[in-house]
Amino acid sequence: EKTGRAKNGGTQMRCRGALCALAIVAALGGADASQAARDQKWLGKLSTKARNLRSALETAPRRDLSEEPEAALSEEEVELLKEEAEEEIIMLKWATVIGIAALGATFILGFLAESIHLHWLPEAAIGVLVGMFASGLAKMAHSDGLLEKEKFDFEFFMIWLLPPIIFEAGFNMNVQAFIANLCPTAFFAFIGTFASTFVVGGLVWWFGQMGLCYPLGMLAALTFGSLISATDPVTVLAVFQALGVKIDLFSMVFGESVLNDAVAIVLSRTLLSFNNPENPVDAEHILGAGKLFLIIFIGSLLIGAVGGILSSLTFKLLDLRHHDEMLYMEAALSFVFPWCAYFVAEASELSGIVSIMSCGMVMATYTRPNFSPRAVRLTARAYKVVALIAETFVFVYLGMATITFPIFTYTVWHFFFWATLACFVGRLHIYIGSFLTNCFRDATSKPPPISPAYSFVMWFSGLRGGVAFALASVSYVAGDFPSTCGGFDGDDERKQESPFCSDNEHNDSLAMMQATMLIACFTIFVFGGAITTICIYFDVLEPKKGAPSTARSKMLSAMHQQKTSTQLMVDDGHNWLLKMLTNEQAYEKSDELRFDDDEEKGDEEVVVAEVEAELGKDAFTELKSEIMKPRNFEKGATASEMASNPDTLHAALGSPALVRTATKDAKIDVLRTRLPNLSTKDLEKLLEGASGDVDLAVKNAKAPINTPPALL
């Protein structure tokens, strides 16, 4: 039953008391040989007391409950089974403690690595190492029960870890930038994933036929190609946000990663439908599989969109944004709709991941305008916190899986090498999509053509991670491909001669899982560690918006946001839907990488109130009148542009000291783009040591002999 649930992709959580149930079955029911073998296998995992009971159960006569219901189990047997269930619960609690402690250790070590500029070791890699360490200790202690609880669970991953990550990605996505680059993003995520599936699958199958590595069967190879095509660039996107890459590049990588996971999950499920003798690979069943894919994907999108629209109408009708006392209820209510959409899709045997992603994007566009300003910020950051916890634990979970699964038992190293090479080739669709996109863009178009540097960074960003391994592990647990060297027929001489087929304990599912884990670790450590250097080398960064350092300059930025908010609205001809679902009249335009990137966004009123309290009413009124003069907002100048212009600032603030402070912030912004590896504190020391000369500060930073001791 457990295997069947995993194979069919069900979402019901695994019962942790399965050992007790199997013990009762062994004691009560008549079973055939295969059932007895399964019972014997599970009974072997019982504790010492239960093992002592096993021999008594095996020699005791089978009892029929219909004849002797009162004599089903003795009191001693019941007590032993209760003790075993209690041990299971205690072990689960200890595994939970270890998982949470590993999560905290990852955050702490990640912060320490960042503080000393250890960019070649990203937080995702630290999470993998911490997970390996935690499970390694359990294995050294021979705690099999604890290792069992730490084992990667597909249903736990798909229900509790992946949905909040995908929803937050859609909810805090810069929807305008995503739509502006929708065509290349859709090409990379849909056509690219299909192409990668057949390129990677075909290559690993051919490599196996040539005798270069473990030979997978054709269907197993294609399934491997589909699941390994699920990119998981959590590390890359974290670096992108920290460095501040160009918004077009970020939106394409971000959009591809969100859509790609959903496509890979649905595509692998579709391919596995052929792993059935009743579904031969012919034209009729291929068309049926294509139809199934479209039904799952489009149906899931519609369910998510309906959930998002219902949330928009609900918040519009309730009008909670005018009830400050309902702030937390307002944020809590927003949780209901995406998770309802997820479970409705799963209950309908569609894709909950696609549904919750669609719901997040619709809510970002049409529900957020119905939030109060404080709820806007609260929801964005609350979902970000939950997603951050889930993302980090995914990598800890991966690290644990390297120990709890037989990753390093009869490891297929040759297959890992050639599969990695196939993945590199499979990512070349990035260049094809970029070329086709540039056929419709020129130097004057918005967005601009995709440059070769953009294409390489997108190709380089194709890390593998949790989604790929989750699909591989569930295939292994379900035993989808139990054959050894499935690429060779049973009487094929090559199977007898191949060194990869000598171990009958190995099978195609295990080879797929091992290669997936090794590729995920390789890309996380190597590609994730090198992405900072790649971004700097290819100059795909743009100047960051400096955080105002004084309350007055914060007020300038905040009031500028209020003053120019009407200039940031876009009328794209589709406002009828916005007007129907919200109280807004036009879409808001944003130049941020993500909605929650601007730390002061949504806090304009709070900042202004803080400045008023600091200055007093009279001084505040005078300062406000100066800032709000039209000349201070000529040509839609941004706050950062004003901060870099002393004349404009002097007119606005009327204080040379404030002008000097703001000018320093502007210089720090320039230094940050040229020296992205240094913290703001280090940049301030460099600028001070160079007497405010930016070029000299950069020169000092690059010359170790002149570098201030604090930086060494």
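Just so it is clear, the model here is predicted, and its values are computed rather than measured. (Residues numbered from 1 in each chain as written. Predicted model: local features only at pLDDT ≥ 70, side-chain atom pairs only at ≥ 80, totals over all residues. Heavy atoms only, no water.)

The helix and strand tally for the chain stands at 33 helices and 2 strands. Counting the 712 residues in the chain, one finds 49% classified as buried. For the chain, long-range pairs separated by at least 24 residues make up 78% of all intrachain contacts whose partners lie at least 6 apart in sequence. Counting only carbon and sulfur atoms, one obtains 62% of the accessible surface of the chain, whose full area is about 33,700 Å². (Helix = DSSP H or I, 4+ residues; strand = E, 2+ residues; numbered from the N terminus. Buried < 20%, exposed > 50% of the residue type's maximum accessible area, 1.4 Å probe, protein only. Contact = heavy atoms within 4.5 Å. Areas by Shrake-Rupley, 256 points an atom, 1.4 Å probe, with all protein chains shown as cover.)

Here the focus is helix 6 (residues 123-140). Relative to the 26 Å expected for 18 residues at 1.5 Å per residue, helix 6 spans 25 Å between its end C-alpha atoms, a close match to the ideal helical length. For helix 6, the full list of buried residues reads Ala124, Ala125, Ile126, Gly127, Val128, Val130, Gly131, Ala134, Ser135, Gly136 and Ala138. A positive phi of about 60° marks His142, the residue just after helix 6. (Expected span 1.5 Å × (residues − 1).)

Looking at the element boundaries, Ile89 is found in helix 5 (residues 75-115). Linking Ile89 and Lys149, residues 60 residues apart in sequence, is a C-alpha distance of 10.0 Å.

Relative orientation of the contacting elements helix 10 (residues 182-209) and helix 13 (residues 247-272) amounts to 35°, with a least axis distance of 8 Å. Our pair here, helix 10 against helix 13, has a crossing hand that is right-handed. Contacts from Pro184, Thr185, Phe188, Ala189, Phe190, Thr193, Phe194 and Thr197 of helix 10 reach helix 13 at Ser251, Met252, Gly255, Glu256, Leu259, Asn260, Val263, Ala264, Leu267 and Leu271. Partitioned by chemical class, the residues of the contact of helix 10 with helix 13 number 11 nonpolar, 6 polar and 1 charged. (Axes fitted to C-alpha atoms, helices over the stretch in contact; angles between N-to-C directions. Left-handed = near helix turned anticlockwise from the far one by under 90°. Nonpolar A, V, L, I, M, F, W, Y, C, P; charged D, E, K, R; others polar.)

Per the counting criterion, the structure on display carries 1 disulfide. Put simply, Cys485 and Cys501 are joined by a disulfide, and their sulfur atoms are 1.9 Å apart. The chirality of the disulfide connecting Cys485 with Cys501 is left-handed, given an S-S dihedral of about -110°. Of the two residues, Cys485 sits in the loop between helix 22 (466-478) and helix 23 (493-497) while Cys501 sits in the loop between helix 23 and helix 24 (508-537), which places them 16 residues apart along the sequence. Side by side, Cys485 and Cys501 carry an identical accessibility label, which is buried. (Disulfide = S-S within 2.5 Å.)

Now for a negative patch on the surface. Taken together, the side chains of Glu75, Glu79, Glu86 and Glu87 define an acidic patch exposed on the protein surface. With respect to the element layout, Glu79 can be found in helix 5. Given the relative accessible area of 43%, Glu79 is considered partly exposed. (Patch = residues over 30% accessible without salt bridge, like charges linked within 9 Å, V, L, I, M, F, W, Y side chains within 5 Å. Salt bridge = Lys/Arg side-chain N within 4 Å of Asp/Glu carboxyl O. Lys, Arg positive; Asp, Glu negative; His and termini not counted. Charge placed at Lys NZ, Arg CZ, Asp CG, Glu CD.)

What follows deals with the side chain of Thr484. Mapped onto the elements, Thr484 comes out in the loop between helix 22 and helix 23. A polar contact is formed between the side chain of Thr484 and the backbone oxygen of His506, at a distance of 2.5 Å. Contact partners of Thr484, with chain neighbours within four places excluded, come to Tyr214, Lys495, Cys501, Asp503, Asn504, His506, Asn507 and Asp508. (Polar contact = N/O pair within 3.5 Å; in protein donor to acceptor, adjacent residues only side chain to side chain.)

Averaged over all residues, the pLDDT of the chain equals 77, while 71% of them reach at least 70. Per-element confidence in the chain is highest for helix 16 (residues 336-347), whose mean pLDDT is 96, and lowest for helix 2 (residues 18-28), whose mean pLDDT is 38. The model gives residues 1-71 a pLDDT under 50, and that stretch makes 76 contacts with residues more than four places away or in other chains. Overall, residues 559-573 carries pLDDT values under 50, and its contacts beyond four positions in sequence, including any with other chains, amount to 32 contacts. (pLDDT = per-residue confidence, 0-100.)

Right, let's get into the nonpolar core. Of all hydrophobic cores here, the largest spans 131 residues; its most connected members are Phe152, Phe157, Leu216, Phe224, Phe415 and Phe469. Beyond its immediate sequence surroundings of up to four residues, Phe157 is in contact with Phe152, Leu162, Pro163, Val394, Gly466, Val467 and Ala470. Membership of the second largest hydrophobic core comes to 10 residues, among which are Leu687, Ala690, Val694 and Val698. (Core = buried A, V, L, I, M, F, W, Y, C linked by side-chain atoms within 4.5 Å.)

Here we take up the packing of helix 11 (residues 218-228) against helix 24. Running from N to C, helix 11 and helix 24 point in directions that differ by 25°, and their axes come no closer than 11 Å. The orientation of helix 11 relative to helix 24 falls into the category roughly parallel. Crossing hand, helix 11 versus helix 24: right-handed. Every residue of helix 24 that contacts helix 11 at Ala220, Thr223, Phe224, Leu227 and Ile228 is listed here: Asp508, Met512, Ala515, Thr516 and Ile519. A breakdown of the residues in the contact of helix 11 with helix 24 according to their chemical character gives 7 nonpolar, 2 polar and 1 charged. (Parallel < 35°, antiparallel > 145°, perpendicular 65-115°, else oblique.)

Topologically, Ala520 is positioned in helix 24. Overall, the relative accessible area of 0% leaves Ala520 in the buried class. The spacing of Ala520 and Thr420 is 100 residues in sequence and 9.7 Å in space, taken between C-alpha atoms. The residues contacting Ala520, other than those within four sequence positions of it, are Arg464 and Gly465.

Here we come to the packing of aromatic side chains. A full pass over the atoms with the stated rule returns 37 aromatic pairs. Here Phe224 and Phe415 contribute two aromatic rings whose centre-to-centre distance is 5.4 Å and whose plane-to-plane angle is 55°, an arrangement assigned as tilted. Placement of the pair is Phe224 in helix 11 and Phe415 in helix 19 (residues 413-426), with a sequence separation of 191 residues. Phe415 carries the same exposure label as Phe224, and that label is buried. Summarising the aromatic geometry, the rings of Phe315 and Phe337 are spaced 6.5 Å apart at their centres and angled 55° between planes, so their arrangement reads as tilted. (Phe/Tyr/Trp six-rings, centres within 6.5 Å; stacked < 30°, edge-to-face > 60°.)

When you line up the elements, Val245 lands in the loop between helix 12 (234-243) and helix 13. Residue classification places Val245 among the buried residues on the basis of a relative accessible area of 0%.

This paragraph deals with the pattern of salt bridges. All told, the structure shown has 4 salt bridges when counted by the stated rule. Between Glu88 and Lys149 there is a salt bridge, and its shortest N-O distance comes to 2.7 Å. Linking Glu88 in helix 5 with Lys149 in helix 7 (residues 144-150), this pair joins segments that are 61 residues apart in sequence. This pair shows no difference in class: Glu88 is buried, exactly as Lys149 is. With a shortest N-O distance of 2.7 Å, Glu256 and Arg427 are connected by a salt bridge. Here Glu256 is found in helix 13, whereas its partner Arg427 is found in the loop between helix 19 and helix 20 (429-438), with 171 residues between them in sequence. Since its relative accessible area comes to 3%, Glu256 is described here as buried. With relative accessibility at 4%, the residue Arg427 sits in the buried group.

Mapped onto the fold, Ser455 is located in helix 21 (residues 452-460). When its relative accessible area of 3% is taken as the criterion, Ser455 is described as buried. In this structure Ser455 touches Ile430, Tyr431, Ser434 and Ile450, once residues within four positions along its chain are discounted.

Right, let's talk about unusual backbone geometry for a bit. In this model, Lys446 is joined to Pro447 through a cis peptide bond whose omega is -5°. Although it is not a glycine, His142 adopts a positive phi angle of roughly 60°. The topology assignment puts His142 in the loop between helix 6 and helix 7. Classification of His142 by relative accessible area gives exposed; the value is 67%. Phi angles above zero are rare outside glycine, and Asp539 is one such case at about 55°. With respect to the helices and strands, Asp539 occurs in the loop between helix 24 and helix 25 (551-563).

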